[in-house]
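# Geometric and topological summary
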Amino acid sequence: MTSPTPFTRLIPPPVFAHVESNLYRSAQPSRINLPFLDTLPLHTIIWLAIEEPSHVTKTWAKERGVALVCLPVVGEGDSEEGWTGAESVKRVLELILETCAQNYGVLLMDQTGRHRIGTVIGCLRRLQRWNLASVSEEYCKFAGGKWRVVNELWIEGFDVGGVRVEGRGPGWL
């Protein structure tokens, strides 16, 4: 994490949000967003798309010593490559919980920051025992006019009991 110069414009990546302490979400950044990312206490970026992250993202992470972990979550309409369904979401959630429990920053990222990330965050909210109306509202807020009922139903049916929480987990769990 570095401090910006007094005249640096800090522009977050599209669909950026602070989810919980040390947990963030966004779409893939462009060069203009990198000074903003420099201000975050990031340890790990979890890339959820099947496609590779951009050269800009990979180079930025490498230069900053930020781990870039690619864990593709295959959603409705995606190809059958990568992990599918509940097991991939459980693996992502377990990595989030393990990393945040150590007070390290995590950024969930894919191309658009909407459906894959929204599904993972929706399942995280279920793990936090949020009511389904609030989970759905948050998912729809970030998906904009492109929300998918199938994703909301999938979040509702997700078995949070299968997610392993090592130790006490992060304080916000």
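Residues numbered from 1 in each chain as written. Predicted model: local features only at pLDDT ≥ 70, side-chain atom pairs only at ≥ 80, totals over all residues. Heavy atoms only, no water.

Helix and strand counts for the protein chain stand at six helices and seven strands. The helix and strand sequence of the protein chain, counted from the amino end, reads β-β-α-β-α-β-β-β-α-β-α-α-α. Within the protein chain, the fraction of its 173 residues that count as buried is 45%. Taking the contacts inside the protein chain whose residues are at least 6 apart along the sequence as the reference set, 66% of them involve residues at least 24 apart. A total accessible area of about 9000 Å² is found for the protein chain, and carbon and sulfur atoms account for 51% of it. Positive and negative charge centroids in the protein chain, built from 18 and 19 side chains respectively, lie 6 Å apart. (Helix = DSSP H or I, 4+ residues; strand = E, 2+ residues; numbered from the N terminus. Buried < 20%, exposed > 50% of the residue type's maximum accessible area, 1.4 Å probe, protein only. Contact = heavy atoms within 4.5 Å. Areas by Shrake-Rupley, 256 points an atom, 1.4 Å probe, with all protein chains shown as cover. Lys, Arg positive; Asp, Glu negative; His and termini not counted. Charge placed at Lys NZ, Arg CZ, Asp CG, Glu CD.)

Once that is clear, we can look at the sheet that holds strand β2 (residues 23-27). Pairing is mixed across the open sheet formed by five strands, whose spatial order is β1-β2-β7-β3-β4. Both edges of this open sheet fall to β1 (17-20) and β4 (67-70), since each of them pairs with a single strand only. Put simply, the sheet's adjacent strands are angled 25 degrees from each other on average, direction ignored. Packed on one face of the sheet, helix α4 (residues 115-127) meets β1, β2 and β7 (105-110) and runs near 135 degrees to β7. (Pairing = 2+ DSSP bridges. Axes fitted to C-alpha atoms, helices over the stretch in contact; angles between N-to-C directions.)

On to the side chain of Thr 99. The residue Thr 99 is located in helix α3 (residues 85-101) in this model. The class of Thr 99 is buried, set by a relative accessible area of 6%. Those residues in contact with Thr 99 that lie beyond four places of it in its chain are His 43, Thr 44, Tyr 104 and Val 106.

Where burial is concerned, most of β7 is hidden: six out of the six residues are buried. Burial along β7 is two-sided: Gly 105, Leu 107 and Met 109 facing one way and Val 106, Leu 108 and Asp 110 facing the other are all buried. Relative to β7, β2 runs parallel, the two sharing five bridges. Residue Tyr 24 lies in a different strand from β7, and its bridge partner there is Leu 107. Across five bridges, strand β3 (residues 42-47) lies against β7 in parallel orientation. Paired with Leu 42 across the two strands is Gly 105, which belongs to β7.

Before going further, it helps to spend a moment on the pattern of salt bridges. In this structure the tally under the stated criterion is nine salt bridges. As a salt-bridge pair, Glu 94 and Arg 164 come within 3.4 Å of each other at their nearest N and O atoms. One end of the pair, Glu 94, is in helix α3; the other, Arg 164, is in the segment after α6 (149-157), with 70 residues separating them in the sequence. Judged by its relative accessible area of 55%, Arg 164 is exposed. The partner of Arg 164 in a salt bridge is Glu 166, with the nearest N and O atoms 3.9 Å apart. (Salt bridge = Lys/Arg side-chain N within 4 Å of Asp/Glu carboxyl O.)

To continue, consider the packing of aromatic side chains. Applying the stated criterion across every chain, the model contains three aromatic pairs. Ring geometry for Phe 16 against Tyr 24: centres 5.8 Å apart, planes inclined by 20 degrees, an arrangement best described as stacked. What makes Phe 16 partly exposed here is its relative accessible area of 22%. Grouping aromatic residues by their ring pairs yields a cluster made of Phe 16, Tyr 24 and Phe 36. Between the NZ or CZ atom of Arg 25 and the centre of the ring of Phe 142, over which it lies, the distance is 4.0 Å. (Phe/Tyr/Trp six-rings, centres within 6.5 Å; stacked < 30°, edge-to-face > 60°. Lys NZ or Arg CZ within 6 Å of the ring centre and 35° of its normal.)

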